[in-house]
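Coordinate inspection notes
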Amino acid sequence: MNDLTIIKNSVIGRGYPELNPKEVEIDYEKTRNKWLLYYCRNHSGFYIRVNSLLRDAPPRMKEGGIAHELSHVVAEKTRGKRTVAKSYQLYHTFKIFRDLEERNIDLDVTLRGFGLGLAELFEYAKRDNIPYANNLGLSSEEIRALLRLRK
Ligand SMILES: [Zn+2]
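Throughout what follows, the structure given in this document is the object of discussion. A quick note: this is a predicted structure, and the numbers were derived from the prediction, not measured.

Calculation criteria
- Residues numbered from 1 in each chain as written.
- Predicted model: local features only at pLDDT ≥ 70, side-chain atom pairs only at ≥ 80, totals over all residues.
- Helix = DSSP H or I, 4+ residues; strand = E, 2+ residues; numbered from the N terminus.
- Rg over C-alpha atoms; globule rule 2.2 N^0.38 Å.
- Axes fitted to C-alpha atoms, helices over the stretch in contact; angles between N-to-C directions.
- Left-handed = near helix turned anticlockwise from the far one by under 90°.
- Contact = placed C-beta atoms within 7 Å.
- Nonpolar A, V, L, I, M, F, W, Y, C, P; charged D, E, K, R; others polar.
- Pairing = 2+ DSSP bridges.
- Core = buried A, V, L, I, M, F, W, Y, C linked by C-beta atoms within 7 Å.
- Buried ≥ 20, exposed ≤ 12 C-beta atoms within 10 Å, placed from the backbone.
- Parallel < 35°, antiparallel > 145°, perpendicular 65-115°, else oblique.

**A look at the overall build of the chain**
For the chain, the count of helices and strands is six helices and three strands. For 151 residues, the compact-globule formula gives about 15 Å, and the C-alpha radius of gyration of the chain, at 15 Å, lands near that figure. With respect to the three principal axes, the spread of C-alpha positions in the chain is 40 × 35 × 35 Å.

**As for the packing of helix α1 (residues 3-15) against helix α2 (residues 59-78)**
Running from amino to carboxyl end, α1 crosses α2 at an angle of 65°, the nearest separation of the two axes being 9 Å. Considering the relative orientation of α1 and α2, their crossing is right-handed. Counted together, L4, I7, K8, V11, I12 and G15 of α1 and P59, K62, E63, I66, A67 and L70 of α2 form the full contact between these two elements. Partitioned by chemical class, the residues of the contact of α1 with α2 number eight nonpolar, one polar and three charged.

**Structural notes on the sheet that holds strand β1 (residues 24-29)**
The strand order across the open sheet built from three strands is β1-β3-β2, with neighbouring strands paired in mixed fashion. The sheet is open, and its two edges are formed by β1 and β2 (37-42), each paired on a single side. When strand polarity is set aside, the average angle formed by the axes of neighbouring strands in this sheet is 25°. As judged from the six bridges shared by β2 and strand β3 (residues 45-51), these two strands associate in the antiparallel manner.

**Side note on the nonpolar core**
With 29 residues, the main nonpolar core has V11, I48, A67, L70, L118 and L121 as its most contacted residues. Secondary structure elements with two or more residues in this core: α1, β1, β2, β3, α2, α4 (95-111) and α5 (115-127). Here this core takes six residues from α5, the largest share from any one element. If near-sequence neighbours (up to four positions away) are discounted, L121 is found in contact with L36, M61, G64 and G65.

**Things to note about the environment of F114**
Position of F114 relative to the elements: it lies in the loop between α4 and α5. Judged by C-beta crowding, with 27 C-beta atoms within 10 Å, F114 ranks as buried. In this structure the C-alpha to C-alpha distance between F114 and V11, which are 103 residues apart in sequence, comes to 8.5 Å.

**As for the packing of α2 against α5**
The geometry of α2 relative to α5 is characterised by a closest axis approach of 7 Å and an angle of 105° between their N-to-C directions. Taken together, the axes of α2 and α5 lie roughly perpendicular to each other. Contact residues: α2 offers R60, M61, E63, G64, G65, A67 and H68, while α5 offers G117, L118, E120, L121 and Y124. Residue composition of the contact of α2 with α5, by class: five nonpolar, four polar and three charged.

**Considering unusual backbone geometry**
Positive phi outside glycine occurs at N129, with the angle close to 55°. Within the secondary structure, N129 is located in the loop between α5 and α6 (140-150). On the basis of neighbour count, N129 is assigned to the exposed category, with 7 C-beta atoms found within 10 Å.

Structure follows, in structure tokens:
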């Protein structure tokens, strides 16, 4: 078991009661693409891949990134098959759809209590020049503003 499995199970336990830890696998990947993390479906459920550049990132940042992917999994599970297919199509066709989808996901992450880790992850990636899709979703400043409102 890698550290990611332990962190993922802990995040599910604290913030994603509708998910079963066994339906989401996770591991590092030496990805050459721009994603810090991403998820896909596999035979038994879902699979989260974490860019191995994040191996040394602090656990709270990993929690934020993993929570983001878990929110995608929850969103996908709450949609019907046809709606999932349609939303995949829209996601890959229109930037406005991608941006709205990612903003909703980041808001969900923040409401579930993992916003600080996500904001820190974005800042960590920016500081260390780790490439990621920083033109999509909420910025770390927006997440921090939401967190201030909640106090
Ligand atoms: Zn996303």
